[in-house]
Amino acid sequence: MDITGPGIKGQVAIVTGGVRGIGLGIGRRLAQEGCRVVIWDRDVSAFDTERAGFMPADLQRVDVSDFDSVQRAWDATLERVGHVEIMVNNAGINGPVTPVWEYPLEAWSRVLAVNLGGVFHCCRVATPAMRAAGYGRIVNVASAAGKEGVPGIAAYAAAKHGVVGFTKSLARELADSGVLVNCIAPVMTETDLLKEMTPEHIAASKAKIPMGRFLTVEEIAAMVAWIASPECSFTTGFAFDLSGGRANY
Ligand SMILES: NC(=O)c1ccc[n+]([C@@H]2O[C@H](COP(=O)([O-])OP(=O)(O)OC[C@H]3O[C@@H](n4cnc5c(N)ncnc54)[C@H](O)[C@@H]3O)[C@@H](O)[C@H]2O)c1
């Protein structure tokens with residue numbers, strides 16, 4: 001495999017939460033670029049190869065909030081595909097839209113465990129092999145809510161701020177290793193995640209986007225394909241905005 005060229009053909013990419021939504025779009029795009037795409041998701045039975053438009057190199061049922069589950073999936077994937085160059089940590093949940101003083105305690109723990117703990121667990125299993133290979137690209141899916149406060153979703157925003165801080169820290173730990181770690185900060189995108197939100201919250205989010213429309217899954221996937229490639233060679237620990245002009249910081 002030639003990993004010195006500009007493309008990612010032949011590389012193996014794990015995409016967590018890749019059964020639907022943004023993860024599925026990223027998987028599809030990486031498959032189009034010639035990657036062997038591995039899907040990790042808590043609900044793999046919902047993966048539809050025809051709708052996806054590609055055949056995964058491996059499909060593992062994983063709960064990213066559970067380290068043992070992640071370790072088992074990593075071991076099984078490595079045994080099946082042999083090497084992993086790209087890890088896209090996309091699995092996430094929104095949780096309820098509720099003010100902090102009414103926020104359910106169990107929802108707080110779950111949102112943190114999946115959205116932040118999940119990213120740590122997946123990086124924890126993937127980084128030793130990437131360091132040993134002297135090459136890797138990790139892309140964590142944060143959110144615009146990881147850079148600014150959003151009323152009603154404090155747990156989600158706290159977890160996503162955590163993903164940004166975690167990304168910057170791990171990137172510095174790995175800066176001279178050939179393993180680059182970045183994250184993306186997208187604004188609202190029409191996926192099943194919106195089912196967890198109230199209509200008022202969705203309308204307020206759209207109103208904040210100067211381009212006046214939602215982001216698309218394909219736009220996210222295009223950016224991730226570049227960040228995950230060898231062409232992204234001098235940027236690590238960065239949060240790439242996809243904000244339609246909302247982010248000016
Ligand atoms: N949709 C948006 O507006 C938006 C905006 C910014 C960031 N994001 C982030 O993008 C990512 C994907 O969101 P989406 O909109 O595609 O959501 P989605 O609900 O459509 O898909 C999420 C996927 O993650 C999987 N998943 C959830 N919990 C999991 C777990 N514990 N272990 C393994 N898999 C799990 C689900 O089964 C599903 O396939 C999330 O991290 C989300 O926070 C979404």
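Structure: see above.
Rules used in this analysis
Residue indices follow the written sequence of each chain, beginning from 1 at its first position. It should be noted that, the model being predicted, local features are given only for residues of pLDDT at least 70 and side-chain atom pairs only at 80 or more, the latter also being counted only at that level, while totals for whole chains, interfaces and linings use all residues. With hydrogens and water stripped out, all remaining heavy atoms of the structure feed into the side-chain values. Strands here mean DSSP runs of E at least two residues long; helices mean DSSP runs of H or I at least four residues long; both are numbered from the N terminus. Radius of gyration means the value over C-alpha atoms here, while the globule rule gives 2.2 Å times the residue count to the 0.38 power. Under the scheme applied here, a residue whose accessible area is under 20% of the maximum for its type counts as buried, over 50% as exposed, and between as partly exposed, the area being computed with a 1.4 Å probe on protein chains only. Working rule for contacts: check all heavy atoms of both residues, and any pair within 4.5 Å makes them a contact. All accessible areas in this document rest on Shrake-Rupley with a 1.4 Å probe, and a residue is counted as covered only by the protein chains that are shown. Any Lys or Arg side-chain nitrogen found within 4 Å of a carboxyl oxygen on Asp or Glu counts as a salt bridge. In this description, the arc belongs to the directions extending from the helix axis to the C-beta atoms.

A. Representation of the overall build of the protein chain in the model. The number of helices and strands found in the protein chain is seven helices and seven strands. Element order for the protein chain, N to C, with α for helix and β for strand: β-α-β-α-β-α-β-α-β-α-β-α-α-β. In terms of overall dimensions, the protein chain is globule-like: its C-alpha atoms have a radius of gyration of 17 Å, near the 18 Å expected for 249 residues. Within the span of the protein chain, comprising 249 residues, buried residues form 55% of the whole. Across the protein chain, every contact between residues at least 6 apart in sequence was considered, and the portion connecting residues at least 24 apart equals 69%. For the protein chain, the accessible surface area stands at approximately 11,200 Å², while carbon and sulfur atoms represent 54% of it.

B. Representation of the pattern of salt bridges. Summed over the entire model, instances satisfying the criterion amount to nine salt bridges. Glu33 serves as the salt-bridge partner of Arg29, at 2.8 Å between the closest nitrogen and oxygen. For Arg29, a relative accessible area of 28% corresponds to the partly exposed category. Relative accessible area serves as the criterion here: at 32%, Glu33 is assigned to the partly exposed category. Residue Glu148 is joined to Arg246 by a salt bridge in which the shortest nitrogen-to-oxygen separation is 2.8 Å. With a gap of 98 residues between them, Glu148 in the loop between strand 5 (136–141) and helix 5 (154–173) and Arg246 in the segment after strand 7 (239–242) connect regions that are remote in the sequence. Look at Glu148 and you get buried, because its relative accessible area is 18%. The structure contains a network of salt bridges with shared partners spanning Arg20, Asp192 and Lys195.

C. Representation of helix 6 (residues 199–207) in the model. Within helix 6 the residues assigned to the buried category are His201, Ile202 and Ser205. On an axial view of helix 6, the arc spanned by its buried residues comes to 100 degrees, and they lie on one face. Turned more than 90 degrees away from the buried face of helix 6 sit Pro199, Glu200 and Ala207, all of them exposed.

Shape descriptors only; they carry no functional weight alone.
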